[in-house]
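Each chain, letter by letter, is given below.
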Amino acid sequence: MPQKAPVKAEIARRKSIKKAKDIAKASGLQIFFIALCFLTLLPIIYALGISFGESNSLLSSSLSLFPEKWTIDNYVSLFTDYDILTWFGNTLLLAVSTVVLVLTISIPAAYAFSRFRFRLKGAAIRFLIVLNAFPSVLSLYSVYTLIRELRLSNSIYGLLLVYVGTMAIFGLYNLKGYFDTIPYEIEEAARMDGCSTFQVIMRILLPLARPALAVTGVMVLIYVWNEYIFATTFISDPDFYTLASGLYGLQAQESTGSWPVFFAASLLVSAPILVVFMLAQRHMVSGLSAGGVKE
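Because the structure is a prediction, the values reported are computed rather than measured.

Colleague: Please clarify how the overall build of the protein should be interpreted in this entry.
Modeller: Each helix and strand counted, the protein has 12 helices and 0 strands in total. Of the regular secondary structure in the protein, the N- to C-terminal order runs α-α-α-α-α-α-α-α-α-α-α-α. Buried residues in the protein amount to 35% of all 295 residues. Counting contacts in the protein only where the partners sit at least 6 residues apart, residues at least 24 apart contribute 72% of the total. Approximately 18600 Å² of the protein is accessible, and the part contributed by carbon and sulfur atoms is 67%.

Colleague: What am I meant to see in unusual backbone geometry here?
Modeller: A positive phi angle, close to 60°, is found at R151, a residue other than glycine. Assignment of secondary structure puts R151 in the loop between α5 (140–149) and α6 (156–179). Under the relative-accessibility criterion, R151 is labelled exposed at 77%. The backbone phi angle of N154 is positive, close to 55°, even though this residue is not glycine. For N154, the position within the fold is in the loop between α5 and α6. Judged by its relative accessible area of 25%, N154 falls in the partly exposed class.

Colleague: What am I meant to see in the packing of aromatic side chains here?
Modeller: The relative placement of two aromatic rings is captured by the distance of their centres and the angle of their planes. Overall, the coordinates contain 14 aromatic pairs when judged by the stated rule. Measuring from centroid to centroid gives 5.6 Å for Y111 and F116, while their planes differ by 85°, and the two rings are edge-to-face. With a relative accessible area of 3%, Y111 lands in the buried category. Aromatic ring contacts, followed pair by pair, group Y46, W259, F262 and F263 into a single cluster.

Colleague: Just checking my understanding: could you explain a nonpolar patch on the surface for this structure?
Modeller: On the surface, L29, F32, F33 and L36 cluster together into a nonpolar patch covering about 400 Å² of accessible area. Positionally, L36 belongs in helix α1 (residues 4–51).

Colleague: How do you make sense of the pattern of salt bridges when you look at a structure like this?
Modeller: As a working rule, side chains carrying opposite charge can pair if their charged atoms are close by. A complete count under the given rule lists 3 salt bridges for this structure. The salt bridge partner of K176 is D180, with a shortest N-O separation of 2.7 Å. What makes D180 partly exposed here is its relative accessible area of 38%. Put simply, E187 and R191 hold a salt bridge, and the shortest N to O gap is 3.8 Å. Taken together, the residues span about one helical turn, with E187 and R191 both in helix α7 (residues 184–192) at a distance of 4 residues. The class for E187 is buried, based on a relative accessible area of 0%.

Colleague: Would you take a moment to explain helix α2 (residues 73–80) for this structure?
Modeller: Each turn of an α-helix holds 3.6 residues, which means side chains three or four residues apart point in the same direction. Residues of α2 that are buried include every one of N74, Y75, S77 and L78, and no others. Around the axis of α2, the buried residues are gathered within 155° of arc, so they sit on the same side. Away from its buried face, by an angle of more than 90 degrees, α2 presents the exposed residues D73 and T80.

Colleague: What's the story with the nonpolar core in this structure? I'm lost.
Modeller: Buried together is how nonpolar side chains tend to be arranged in soluble globular proteins. Core analysis: the biggest nonpolar cluster contains 50 residues, and L159, Y163, F179, W225 and L250 have the highest contact counts within it. Ranked by the residues each element gives to this core, the list is headed by helix α3 (residues 84–115), at 11 residues. For F179, the contacting residues outside a window of four places in its chain are I107, A110, Y111, S114, R115, L205 and A209. Counting residues in each nonpolar core, the second largest holds 6 residues, with A109, F113, I169 and L172 among its members.

Colleague: Sorry, what's going on with the packing of helix α4 (residues 121–133) against α6 here?
Modeller: The relative placement of two packed helices is expressed as an angle between their axes plus a distance between the axes. Interaxial distance between α4 and α6 falls to 10 Å at its minimum, and their mutual angle equals 135°. Judged by the angle between their axes, α4 and α6 are oblique. Here α4 and α6 pass one another in a crossing that is left-handed. Between α4 and α6, the contacting residues are I125, L128, I129, L131 and N132 on the first element and T166, I169, F170, L172, Y173 and K176 on the second. Each residue belonging to the contact of α4 with α6 can be placed in one class, and the counts come to 8 nonpolar, 2 polar and 1 charged.

Colleague: Teacher, can you tell me more about the packing of α3 against helix α9 (residues 210–226) here?
Modeller: One can describe the packing of α3 onto α9 by two numbers: an axis separation of 9 Å at closest approach and a directional angle of 140°. When the axes of α3 and α9 are compared, the pair comes out oblique. Crossing angle aside, the handedness with which α3 passes α9 is right-handed. For the pair formed by α3 and α9, the contact residues are F88, T91, L92, L94, A95, T98, V99, V102, L103 and I107 on the first element and L213, T216, G217, V220, L221, V224 and W225 on the second. Classifying every residue of the contact of α3 with α9 by side-chain character gives 13 nonpolar, 4 polar and no charged.

Analysis parameters
- Residues numbered from 1 in each chain as written.
- Predicted model: local features only at pLDDT ≥ 70, side-chain atom pairs only at ≥ 80, totals over all residues.
- Heavy atoms only, no water.
- Helix = DSSP H or I, 4+ residues; strand = E, 2+ residues; numbered from the N terminus.
- Buried < 20%, exposed > 50% of the residue type's maximum accessible area, 1.4 Å probe, protein only.
- Contact = heavy atoms within 4.5 Å.
- Areas by Shrake-Rupley, 256 points an atom, 1.4 Å probe, with all protein chains shown as cover.
- Phe/Tyr/Trp six-rings, centres within 6.5 Å; stacked < 30°, edge-to-face > 60°.
- Patch = residues over 30% accessible without salt bridge, like charges linked within 9 Å, V, L, I, M, F, W, Y side chains within 5 Å.
- Salt bridge = Lys/Arg side-chain N within 4 Å of Asp/Glu carboxyl O.
- Arc of directions from axis to C-beta.
- Core = buried A, V, L, I, M, F, W, Y, C linked by side-chain atoms within 4.5 Å.
- Axes fitted to C-alpha atoms, helices over the stretch in contact; angles between N-to-C directions.
- Parallel < 35°, antiparallel > 145°, perpendicular 65-115°, else oblique.
- Left-handed = near helix turned anticlockwise from the far one by under 90°.
- Nonpolar A, V, L, I, M, F, W, Y, C, P; charged D, E, K, R; others polar.

Have a look at this one:
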């Protein structure tokens, strides 16, 4: 009996040591991730400071992240001296149209590749993957020639055609992977109840694939919102400028460009995408995790 007390004390001591180590490890990880987040946010904080500053300079003598004199004139200038609302409108039109068209094309195509068996199915999938992996810069001249022959250069419709053609393959492959995880028995039960193929897709598959649709839609939206190469190459009319073209125009001439205005525009351009991503984050995480655990 007297030996039990030292044993219990030793067990309690080991538990306290283990608990202290766990707390120290968790605290260390939290400090590390906080520092990492701060380093990640440094460029944004720096851009925010420049956008509210009066000096047209990227570096200050005091090496401070924040300006000595604060002003909102740079943000006001975006709406008075530049046509940023037109850029937003063109980009929003392109983004929404591309998302709708990509989903309209990708959903039936992904269903066909997921559920139907046909010759050269595997070869077709591999070909589409290679085609999607091909660098867009290398195909720039060919795409420009095609758009020019179709008389769609310097047009929103030309960019829309390029964006849909680029992202439709991504949408197909992403949705196909999720459709593969949905048991076929659910479709069989729906068909026994009299559902057609269209009804099965609309009433059964799409509600189940809502996270995958959110992932696809957000990724397409981000691509169109930030796309730079095609937008600056195919569009020369200021009335058709996208946000990428407009931002490029702000610094196209270094002698007349304003860095504070440029950084202010960059932050405004990034804000809508950040909001959309935060709203869709729950669906995106659930979609990615669900696709990894289903059998």
